[in-house]
Amino acid sequence: DPQFKAKSGDPSSSYHAADQAKGLGVSLTRLRERLNYSPETGLFTWKHISGRGYKTTLMGRHAGSINKDGYRTISIDCRRYYAHRLAWLFIFGEWPPREIDHVNGNPSDNRITNLRLAYKGQNQANSRLRRTNSSGFKGVYFDKRRKHWTSQIFYGGHRTYLGSFQKLDDAKSA
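Throughout this document, residue positions are counted from 1 along each chain, in the order its sequence is written. With the structure being a predicted model, the display of local features is reserved for residues of pLDDT at least 70 and the display and counting of side-chain atom pairs for 80 or more, all residues being used for whole-chain, interface and lining totals. Only hydrogens and water are set aside; all other atoms, that is, all heavy atoms of the structure, feed into the side-chain values.

**A few points about the pattern of salt bridges**
- Basic side-chain nitrogens of Lys or Arg form a salt bridge, by our definition, when they fall within 4 Å of a carboxyl oxygen of Asp or Glu. The tally for this structure, following the rule as stated, stands at seven salt bridges.
- With a shortest N-O distance of 2.7 Å, aspartate 77 and arginine 30 are connected by a salt bridge. Here aspartate 77, found in the loop between β4 (72-76) and β5 (79-82), pairs with arginine 30, found in helix α2 (residues 28-34); they are 47 residues apart in sequence, far enough to count as distant.
- Aspartate 101 serves as the salt-bridge partner of arginine 116, at 2.8 Å between the closest nitrogen and oxygen. Of this pair, arginine 116 sits in strand β7 (residues 115-118) while aspartate 101 sits in strand β6 (residues 99-102); the two residues are 15 residues apart in sequence, bridging distant segments of the chain.
- Working definition: with a 1.4 Å probe on protein chains only, accessible area under 20% of the residue-type maximum means buried, over 50% means exposed, and in between means partly exposed. Taking the relative accessible area as the measure of exposure, arginine 116 reaches 38% and is therefore partly exposed.
- One connected set of salt bridges, linked through shared partners, spans Arg30, Glu33, Arg34 and Asp77. Here a strand is any run of E in DSSP of at least two residues, a helix any run of H or I of at least four, and the numbering for each starts at the N terminus.

**So, the packing of aromatic side chains**
- Only Phe, Tyr and Trp rings are paired, with Trp represented by its six-membered ring, and only when their centres lie within 6.5 Å; those with planes under 30 degrees apart are stacked, over 60 edge-to-face, the remainder tilted. Within the structure shown, the criterion is met by seven aromatic pairs.
- For the pair phenylalanine 44 and phenylalanine 90, a centre-to-centre distance of 6.2 Å together with 80 degrees between the ring planes defines the contact as edge-to-face. Here the residue phenylalanine 44 occupies a position in strand β2 (residues 43-46), and phenylalanine 90 occupies one in helix α3 (residues 83-92), the gap between them amounting to 46 residues.
- Taking relative accessible area as the criterion, phenylalanine 90 reaches 13% and is therefore assigned buried.
- With a centroid separation of 5.5 Å and 70 degrees between ring planes, the pair formed by tyrosine 71 and tyrosine 82 is classed as edge-to-face.

**Looking at the side chain of serine 151**
- Along the polypeptide, serine 151 turns up in strand β9 (residues 148-155).
- Ignoring anything within four residues of it in the chain, the contact list for serine 151 reads Gly139, Val140, Thr160, Tyr161, Leu162, Gly163, Phe165, Ala171, Lys172 and Ala174. In what follows, a contact means two residues having at least one pair of non-hydrogen atoms within 4.5 Å.

What follows is the structure, given as structure tokens:
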């Protein structure tokens, strides 16, 4: 659940809990006025809205778009929100107090059964491999200077060195 690099008034920013306590961000009432949410599919659709400046042609269409990291974002009242955070608000009636983890690793799957509260470390443990990963395994990398594979784990904010190995299979087994 990465955070937008946004001004502090955006509840999708790293300040979301403090801002929500101050009453900033979209309210549950406003969210439900503008959008329908299906917990079974994880999709938001626009409701019919009448009034100046609103496009009634959006009614029934899927809300938002997928960003470069694969997360669906939705703009409400000129503010952008992550759909998974809106889903939490829609179902539980309050902004999530922590990060939201997508259980299956798919950032655009916002079914409520696929979302859970997580601390940053838990969320990172469930993350995908980085594009720069050359081993294909989390915590294993090739040390070009020493010409061997190195294994390590991160837990509780600490890195633990597991060893250096000549063979990738040995490093991944560590």
